[in-house]
Amino acid sequence: MNPGVARSARFVLPLLLVLSALVLAAAPLVERVTLRWFVKDLDLRATLIANTIERPLLALAMRGDTAGMRAMFARITEDERLYAIAYCASPWSSPIGSSTLPPRIGCADAPSGSGGSRHLVDAAAGPLLASVRPLTSDGTLDGRLLLVHDLGFVSRRSAEMRRYLRWFFVGLAVTMSAVSVLVTELSWRGWVHGIRAMLRGDGRLRRSGDLGPRELRPIADDLRALISDLEAAHRMRDDEQLAWTPETLRGILNRELRGDDVIVVSNREPFIHVREGQDVVIQRPASGLVTAVEPIMRACSGTWIAHGSGSADRDVVDAADRVAAPVPDPGYQLRRIWMSAEEERGYYYGFANEGLWPLCHIAHVRPTFRSADWQQYERVNRRFADAVVEESRTSDPVVLVQDYHLALVPRMVRERLPAATIITFWHIPWPNPEAFAICPWREQLLDGLLGSSILGFHTRFHCNNFVDTVDRQLEARVDRETFGVTYRGQRTLVKRYPISVEWESAGARGAPPADEARVRVRTRLGLPREQALGVGVDRLDYTKGIEERFRAVERLFELFPEWIGRFTFVQIAAPTRASIEEYQTYDHRVRALAARINGRFAREGRPAIILMVKHHEPSEVNEYYRAAELCFVSSLHDGMNLVAKEFVAARDDEDGVLVLSQFTGAARELPEALVVNPYDADQCGAALHVALEMPAEARRARMRLMRGLVQEFNVFRWAGRMLLDAAAIRTRGRFAARSLHAVTHTRASDAPDTQGEPIAALTGDGHAR
């Protein structure tokens, strides 16, 4: 709603309600008063008629001339208000009256006495007023005159009166509303002008020593004290002038979140302690989340809370389940959460990866939801939330909740730390509302996520899907202009943060030149130096399109047989979720497909496909990136896919070709890649041929553009934007709280009532705190 309309409505609507109540209350009163006025008037008319016709009427009565009496009555009743008239010699006699006299009215209605009036209702005539007037001759009562008046005109006059009354109040309401709105707008403009003058540091005010309008003086110092904070936040948002590095991120933390508590919460830990014989070794999991978030934590020196899944994880933590990381250069603390086998089976393998994962990915695998899994999911999410509260050094930490495993944590933390700034990032796609409605606990998941201050997705498309889902499933206020959702009295911003990789990556530091990597990888694989290589790096997951990738390699050999024996595709596949039946089946299918294709196209020790299903460290993966002619990413549905960006970041020789699925978020950012439909084997096979035949100049031109984008929009920028938004929310919150306190004080000192709303508007938050 327009702010001016909203302000006017605050005054006009109550005024209209009050005036409407007055109209409803006044109408019956006016009708009663009007009726009394008309009855009194008719009684006077009855007395006047009786006095006028008394002598001639008694003369006709003395002669017994009933015909003359009726003729007289007929002439008199020509008056539209006089319905009937009759003469009664006594209460027991029959009336002599006009032809319009109702049968139910007789002389018994005209008792002896001085006269009077009473209301009657006739079925045919409607409301009537019967008036009795005595007729005397020489002081002796000689009869009574019965006059019956038609009260229908009173109803008509009352209706006209009500209509005039309504129009009068409408005019009064319009006039009063216009005056109120005018006064309100003038007061508002003066108030806002004073606020803006102080925010600008208006020179005229400084020179004169004036603090602005009298009602603003109590908050002038607070406003000016916060101007520098707001200006700093604005300057930091000028992304074009920033080189995003770990130092930049640390600078943001020092300036914008100085002294604030930063906590990351995720299911996957950044490194795992694994026991191999008598030794404990460290492994880094194959995870896009870890790739993105771990460099940030090294820059932030905060606390990372994650599930301790390694076989030796318990052996290296202290009494509080913490361990310094990364080893051997501690930069942050890792707090490990423990689970029983039953909890991990229900929470991780069950609800998260048999339910939410296939629900959110269009990979043609049916999601499975079980109530027992949901219970474990709730229980484990509560444990993570408890750990956040325990690790918080302040009442308002900055909490970064990562991914679909922990959808309930934001609300659980919000209930215990209401002042916390909670940023939740959903790393996988968000489905459309119809698909999400499959989940039996959809409302609970949405409620949990809307405990966040900011909810991030990779793409605008996923933001739209989430907002549409909330609009469809919950009673929430959705602002599609600012992508804000207000639910349970709290506002959540839904924002796009395209995730990226570290520049320069840890795996690339100290890496050998690309030419050396080519020789080392081919020697390790037993391939000749001239052999062309393609590489794919994924977890062994059905959403990654590994089967489609192998079929594309097969189609390449069918369409372009000159590549048989000259090209080998190396697939690095990290084992994952092996206890889930769908993943076991997928593993068997991938191995069988690779064996079949090798059976057709392997030549003289040169396999068509080399499938390596084992864990690889980042430095090893980086070497394969640098040694390959191309990298093939064929995901069937992916939020972003960081393998594509890792490959680009690794190619400091500006060589190599990226073949990229159109169903990844990265395809929107890297149009210089060869973008393909992984379901179209012919198109993918042709793209592999184009990549292998592409001239060196074209390869360098494409890679140079992609590297420039990945370098500029790296993971530090991704995290920095989220932290800047968090800092802005916290600054606005402090600004609003301090200003509201000052306004309350001002209003207590008889300041105008229009002061409360400008503070909410100036916070840029869209709702008052």
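Predicted model, so just to flag it, every value in this text is computed and none were measured. (Residues numbered from 1 in each chain as written. Predicted model: local features only at pLDDT ≥ 70, side-chain atom pairs only at ≥ 80, totals over all residues. Heavy atoms only, no water.)

A. Spatial organisation of the overall build of the protein. Broken down by element type, the protein carries 24 helices and 23 strands. Looking at the protein residue by residue over its 769 residues, the buried ones come to 53%. By element, 53% of the accessible surface of the protein is carried by carbon and sulfur atoms, the whole surface being about 34600 Å². (Helix = DSSP H or I, 4+ residues; strand = E, 2+ residues; numbered from the N terminus. Buried < 20%, exposed > 50% of the residue type's maximum accessible area, 1.4 Å probe, protein only. Areas by Shrake-Rupley, 256 points an atom, 1.4 Å probe, with all protein chains shown as cover.)

B. Main features of the sheet that holds strand β15 (residues 477–479). Spatial ordering of the open sheet is given by β10-β11-β9-β6-β12-β13-β14-β17-β16-β15, a layout of ten strands whose pairing is mixed. Each having just a single partner strand, β10 (322–325) and β15 make up the two edges of the open sheet. Looking at each pair of strands side by side, their axes are set apart by 20 degrees on average, direction ignored. For strand β6 (residues 262–265) and strand β12 (residues 398–402), the ladder comprises four bridges, and the chain directions are parallel. (Pairing = 2+ DSSP bridges. Axes fitted to C-alpha atoms, helices over the stretch in contact; angles between N-to-C directions.)

C. Structural detail: the packing of aromatic side chains. Under the criterion given, the structure shown has 23 aromatic pairs. With 4.6 Å between their ring centres and 50 degrees between their planes, Phe-351 and Tyr-377 make a pair best called tilted. Pair noted here: Phe-351 is in helix α9 (residues 341–360) and Tyr-377 is in helix α10 (residues 371–391), with a separation of 26 residues, a long-range link. If you follow Arg-566 out to its NZ or CZ, it ends over the ring of Trp-563, 4.2 Å from the centre. (Phe/Tyr/Trp six-rings, centres within 6.5 Å; stacked < 30°, edge-to-face > 60°. Lys NZ or Arg CZ within 6 Å of the ring centre and 35° of its normal.)

D. Just α9, in detail. The largest bend along α9 reaches roughly 40 degrees and is located at Ala-352. Within α9, 14 of the 20 residues are buried, leaving the element largely enclosed by the surrounding structure. (Bend = angle between axes of the 7 residues up to and from the residue.)

E. Quick look at the environment of Asp-65. Positionally, Asp-65 belongs in the loop between α1 (3–63) and α2 (66–76). According to the relative accessible area criterion, Asp-65 is partly exposed, its value standing at 28%. For Asp-65, the side chain forms a polar contact with the main-chain nitrogen of Gly-68, separated by 2.9 Å. (Polar contact = N/O pair within 3.5 Å; in protein donor to acceptor, adjacent residues only side chain to side chain.)

F. Structural context of the pattern of salt bridges. Under the definition given, this model contains 42 salt bridges. Linking Arg-488 and Asp-447 is a salt bridge whose minimum nitrogen-to-oxygen distance equals 2.7 Å. A residue pair is termed long-range when its members are at least 10 positions apart, and Arg-488 in the loop between β16 (484–487) and β17 (490–496) and Asp-447 in helix α13 (residues 442–449) qualify at 41 residues. Judged by relative accessible area, Arg-488 falls into the exposed class, the value being 53%. Between Arg-651 and Asp-653 there is a salt bridge, and its shortest N-O distance comes to 3.0 Å. Given the relative accessible area of 30%, Asp-653 is considered partly exposed. (Salt bridge = Lys/Arg side-chain N within 4 Å of Asp/Glu carboxyl O.)

G. Inspection of α2 at higher detail. Those residues of α2 that sit buried are Met-69, Met-72, Phe-73 and Ile-76. The arc that holds the buried residues of α2, viewed along the axis, is 100 degrees, so those residues lie on one side. Away from its buried face by more than 90 degrees, α2 exposes Ala-67 and Arg-75. (Arc of directions from axis to C-beta.)

H. Broad picture of the confidence of the model for the protein. Averaged over every residue, the pLDDT of the protein is 83; residues scoring 70 or more account for 82%. Between residues 199–211, whose pLDDT stays under 50, and residues either more than four places distant or in other chains, the model counts 13 contacts. Counted against residues more than four places away or in other chains, residues 746–769, with its pLDDT under 50, gives 50 contacts. (pLDDT = per-residue confidence, 0-100. Contact = heavy atoms within 4.5 Å.)

I. Seen up close, the pairing of strand β9 (residues 303–307). Counting buried positions along β9 yields five of five residues, so the element is predominantly enclosed. Of the strand pairs in this sheet, β6 and β9 are connected by three bridges, and their pairing is parallel. Note that in β9 the partner of Val-264 across the bridge is Trp-304. Relative to strand β11 (residues 332–337), β9 is paired through five bridges, and the arrangement is parallel.

J. Structural detail: the sheet that holds strand β19 (residues 567–574). The six strands are arranged β20-β19-β18-β21-β22-β23 in an open sheet whose pairing can be described as parallel. Taken across any chain shown, the strands that pair with only one partner, and hence form the sheet edges, are β20 (609–613) and β23 (674–676). Taking the axes of each pair of neighbouring strands and ignoring which way they run, one obtains an average angle of 20 degrees across the sheet. Bridging between strand β21 (residues 630–633) and strand β22 (residues 657–661) involves four bridges; their strand directions are parallel. Looking at the pairing, Val-633 lines up with Leu-660 of β22. Along the sheet, helix α21 (residues 681–693) contacts β18 (532–539), β19, β21, β22 and β23; its crossing angle with β23, the most-contacted strand, is approximately 170 degrees.

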